[in-house]
Amino acid sequence: MQHFSSSYLTIDYLAEPRVLTGRWWRGVMPFELHRGYAALLDAAVSRRCRFWLVDLSNRAGGVDAADVQWMLSDFFPQLPIRLKRPTYLAYLMAPHQLAGVLADPGIPALTYFDGRPYRLERFTTEMAALEWLQHCRQQDARARRRKTAPQ
């Protein structure tokens, strides 16, 4: 089921493996980035889906440090409020995009996200991203079972 479609982003829910996918198709203006991520979050809430594949690999250009700062300060804090539990985001990038992200001092290392109610990883293959999301789903399920098990 497609939740959103525009010239810059499509959002779909993959019933198996139970992943929300957001595929960015071109570079975007800040208002498009904000609108697109709002649509991703709305779709995630409607599907109760905390496992996301965010595909940046077709987006021309690199990842902008200002956009990352908006994500950190404005977008990511909404996740636990709207989804109630940890959210897992697998970012799919072309190798040159990932190299640019890793080389940009304005984009924090992923260790910055430790202890937050969301978890991010970056990938250059969709298979690896989906495998990571599946692993996260299994870990999340085990942790929930431990919390609800009688003491």
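Residues numbered from 1 in each chain as written. Predicted model: local features only at pLDDT ≥ 70, side-chain atom pairs only at ≥ 80, totals over all residues. Heavy atoms only, no water.

Named according to an unreviewed UniProt entry, the protein is STAS/SEC14 domain-containing protein originating from Hymenobacter yonginensis.

(A) The packing of helix 1 (residues 30-47) against helix 2 (residues 65-75), seen in detail. Here helix 1 crosses helix 2 at 45°, and the two axes come no closer than 12 Å. With respect to helix 2, the axis of helix 1 lies oblique. The hand of the helix 1/helix 2 crossing is right-handed. On the side of helix 1, the interface is formed by Leu33, His34, Tyr37 and Leu41, while helix 2 contributes Asp67, Trp70, Met71 and Phe75. Grouping the amino acids of the contact of helix 1 with helix 2 by side-chain chemistry returns six nonpolar, one polar and one charged. (Axes fitted to C-alpha atoms, helices over the stretch in contact; angles between N-to-C directions. Helix = DSSP H or I, 4+ residues; strand = E, 2+ residues; numbered from the N terminus. Parallel < 35°, antiparallel > 145°, perpendicular 65-115°, else oblique. Left-handed = near helix turned anticlockwise from the far one by under 90°. Contact = heavy atoms within 4.5 Å. Nonpolar A, V, L, I, M, F, W, Y, C, P; charged D, E, K, R; others polar.)

(B) Molecular detail of the side chain of Asp67. Here Asp67 shows up in helix 2. Within the buried core, Asp67 has no salt-bridge partner, and the shortest N-O distance to an opposite charge, that of Arg59, equals 4.0 Å. Asp67 has contacts with Leu33 and Arg59, leaving out every residue within four places of it along the chain. (Buried < 20%, exposed > 50% of the residue type's maximum accessible area, 1.4 Å probe, protein only. Lys, Arg positive; Asp, Glu negative; His and termini not counted. Salt bridge = Lys/Arg side-chain N within 4 Å of Asp/Glu carboxyl O.)

(C) Quick peek at the confidence of the model for the protein. Confidence in the prediction of the protein, expressed as mean pLDDT, is 90, and 93% of residues score 70 or more. Strand 4 (residues 51-55) holds the highest mean pLDDT among the elements of the protein, 98, whereas strand 1 (residues 2-5) holds the lowest, 72. (pLDDT = per-residue confidence, 0-100.)

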